[in-house]
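Topology and contacts: notes
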Amino acid sequence: MNMIKEPVISVRNLIAKYEDNVILDDISLDIYPNEITVILGGSGCGKTTLLKNILRLFEPASGSVKFWGNEVTTLDQEQFDLVLKQVGMLFQNGALLNSVSVFDNISIPLEQHTNLSPALIERIIRVKLDLVHLGHAIYLLPSELSGGMRKRAALARALALDPKILFCDEPSAGLDPLTSASLDELILDLKKQLKMTIVVVTHELASIHRIADRIIFLEDGKLLFEGTLDQAKTARIPQIGQFFEVGKC
């Protein structure tokens, strides 16, 4: 008998606006546990805006966002911060502080959100860097790292607090195909080893085929499709067919 998965994130009737412009129009979707959900769509369709509204980096104009069944749009900042401690974010450019070492970058969330001893923080940092195969770079500056290594260092920081959900905004942006493939393999390994739920915004066709369990496809601020990768390929929706045929947004 198959167990029905309960979503870890549920979005219902989400509307996002910038001033008077509607960017996301009545979006409803679910993110399921231990899966990699990839958000797709053309340039300007609202992919990153959706991520930022789910995380309340932008406040939704209206609608519901639930994490583990709990409504978060009505929480005050202190309450929502408790939710965010269970969430990791890999930003498109990595967002590392260039003036301090990889070690110091990863220590920031641990120092801000825990009361752990310096010795235990160092042990955690070493474990996270080993997870992303970057243990040798612990005391290097971001400027001394390649593009792929910077993404891995930023990923280690995103994993510092052992999040249950990881969001990745264009993780392969600016990387060559081999480095991108290596990062995809790492993301797959993390899902398996840590039993993580991962949400990825990307337009890289090769990455989508490598990592996606489910697809969310946006078109002009509306939800065009939600389902598995195989279902997306056979949906006979012209925009999706064109996307997979052309291989770019």
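Here the structure is shown first, and the text comes after it.
For the structure given in this document, a descriptive report is provided here. Computed from a predicted structure; not experimentally measured.

Rules of the game
- Residues numbered from 1 in each chain as written.
- Predicted model: local features only at pLDDT ≥ 70, side-chain atom pairs only at ≥ 80, totals over all residues.
- Heavy atoms only, no water.
- Helix = DSSP H or I, 4+ residues; strand = E, 2+ residues; numbered from the N terminus.
- Buried < 20%, exposed > 50% of the residue type's maximum accessible area, 1.4 Å probe, protein only.
- Contact = heavy atoms within 4.5 Å.
- Polar contact = N/O pair within 3.5 Å; in protein donor to acceptor, adjacent residues only side chain to side chain.
- Pairing = 2+ DSSP bridges.
- Axes fitted to C-alpha atoms, helices over the stretch in contact; angles between N-to-C directions.

Thoughts on the environment of Lys5
Checked against the element boundaries, Lys5 lands in the segment before β1 (9-18). You can call Lys5 partly exposed: its relative accessible area is 38%. A C-alpha to C-alpha distance of 10.0 Å links Lys5 and Asn34, two positions 29 residues apart in sequence. Not counting the four nearest positions on each side in its chain, Lys5 is found in contact with Tyr32, Pro33 and Glu35. A distance of 3.3 Å separates a polar atom in the side chain of Lys5 from the backbone oxygen of Pro33. Here the side chain of Lys5 touches Glu35 through a polar contact of 3.3 Å, side chain to side chain.

Considerations on the sheet that holds strand β5 (residues 70-71)
Strand order in the open sheet formed by 4 strands is β2-β1-β4-β5, with antiparallel pairing between adjacent strands. Strand pairing shows two members of the sheet lacking a second neighbour, β2 (21-31) and β5, which therefore form its edges. Pairing of β1 with strand β4 (residues 62-67), which is carried by 5 bridges, proceeds in the antiparallel orientation. Along β4, the bridge assignment pairs Val11 with Val65. Against the sheet, helix α1 (residues 47-54) touches β1, β2 and β4, its axis set at about 115° to β1.

Quick notes on the pairing of strand β10 (residues 222-228)
For a regular strand, side chains alternate in direction, first toward one face of the sheet and then toward the other. Strand direction decides the pairing type here: strand β9 (residues 214-219) and β10, joined by 6 bridges, are antiparallel. When the bridges of β10 are listed, Glu219 appears paired with Lys222. Between β9 and the antiparallel strand that follows it, β10, lie 2 residues; Asp220 among them carries a positive phi value of about 50°.

Points about the environment of Thr228
Counting through the fold element by element, Thr228 comes out in strand β10. In this structure, the C-alpha to C-alpha distance between Thr228 and Ile39, residues 189 residues apart in sequence, is 12 Å. In this structure, Thr228 is in contact with Asp213, Arg214 and Ile215, ignoring residues within four places of it in sequence.

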